[in-house]
Amino acid sequence: MAKLILKFKDATLQEIPIGKPVITIGRVDKNDIKIENLAVSRQHAKIIQDGERYIIEDLNSLNGTFVNEKRVMKGILRNKDEILVGKHTLVFIDEEEKPIEMRKDIDISLAEKTVILDTKRQRELVSQVEVERPTIEVKPSELEGGVAILSGGAGQEDIRLRKRLTIGGKGEGADIKLRGFFVGKVAFIISKRPNGFFITHSGGRSMTRVNAAEVQGQRELRDGDIIDIGSTRMQFYTKKRSGGEG
């Protein structure tokens, strides 16, 4: 199992196993990893498990998220990567990761937007905009997908699945807004891959069901599948991408 080692300077503060699909990092209590430092935003970043890979995503934090001294908005984590959050470091450990040449689905997006930071060292990090992390490009899926809300929900009617990862839940960062006392802040994740769309139940006592069957592990979605969670019912659909669309 992958884990994170929280450090401040040379001191190790905590070891955190990554035991669920989404780990949130921030300054307030509702995060999975709480870092009490004013340089850390209330909701700073999150780590998402997508199959055999782990993805770090910055949540528009004030001081940014850095991996191996490079500012990132979203990127693939590798064994022994060092994540700088405020003045703390999280060391990512995944001793079972596959060699890069075996990982066909890597997609890394790095940002170059300037942010305001406190220390001289962090200002130096912002100035480094050269992308050094290697990538393996993949062709986008020929299918486009979406979810149509049939009943319940939180005011949405149709959600296009354009992102690599679409989150359903009642948390502030959810793409598909859900309601219900037992629905998790991150209830499920829909992954967009070259070979289709896959759904994974993430959290909450209210289970995700596809065609009335509970989702166990990852399940591939088919055109017309009915997804139920809490009081929300939705239908997954796909369509072929036309040649003229950009």
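Our structure is the block above this text.
This one's a predicted model, so the numbers in the text were calculated from it and none came from an experiment.

The rules behind the values
Residues numbered from 1 in each chain as written. Predicted model: local features only at pLDDT ≥ 70, side-chain atom pairs only at ≥ 80, totals over all residues. Heavy atoms only, no water. Pairing = 2+ DSSP bridges. Helix = DSSP H or I, 4+ residues; strand = E, 2+ residues; numbered from the N terminus. Axes fitted to C-alpha atoms, helices over the stretch in contact; angles between N-to-C directions. Core = buried A, V, L, I, M, F, W, Y, C linked by side-chain atoms within 4.5 Å. Buried < 20%, exposed > 50% of the residue type's maximum accessible area, 1.4 Å probe, protein only. Contact = heavy atoms within 4.5 Å. Polar contact = N/O pair within 3.5 Å; in protein donor to acceptor, adjacent residues only side chain to side chain.

Caption draft 1: Quick look at the sheet that holds strand β1 (residues 3-8). Here six strands make up an open sheet; going across it, the order is β2-β1-β11-β10-β7-β8 and the pairing antiparallel. Strands at the two margins of the open sheet, each flanked by one partner only, are β2 (11-17) and β8 (70-72). Averaged over all pairs of adjacent strands, the angle between strand axes in this sheet comes to 30 degrees, irrespective of strand direction. Note that strand β7 (residues 65-67) and strand β10 (residues 82-85) share three bridges and pair antiparallel. Bridge pairing in β10 links F66 to L84.

Caption draft 2: Summary view of the sheet that holds strand β6 (residues 53-58). Taken in spatial order, the five strands make up an open sheet running β4-β3-β5-β6-β9, and their pairing is mixed. One side of each edge strand has no neighbouring strand; the edge strands of this open sheet are β4 (33-34) and β9 (74-76). By the bridge criterion, three bridges tie β6 to β9 in an arrangement that is antiparallel. Bridged to I55 within β9 is I76.

Caption draft 3: Main features of the nonpolar core. Of all hydrophobic cores here, the largest spans 21 residues; its most connected members are I47 and I83. Looking at this core, the elements that each hand over two or more residues are β1, β3 (22-26), β5 (45-50), β6, β10 and β11 (88-93). For I47, the residues in contact, after removing those within four places along its chain, are L4, I18, P21, V22, I23, I25, Y54, I55, I56, L77 and I83. Ranked by size, the runner-up nonpolar core spans 19 residues in total, among them I176, V183, I190 and F197.

Caption draft 4: Just the side chain of D50, in detail. Looking at the element boundaries, D50 is found in strand β5. In this structure D50 comes out as buried when scored by relative accessible area, which is 2%. Among the polar contacts made by the side chain of D50, one reaches the side chain of R193 at a distance of 3.1 Å. With near-sequence residues (within four places) excluded, D50 lies in contact with I55, L165, S191, R193 and Q218.

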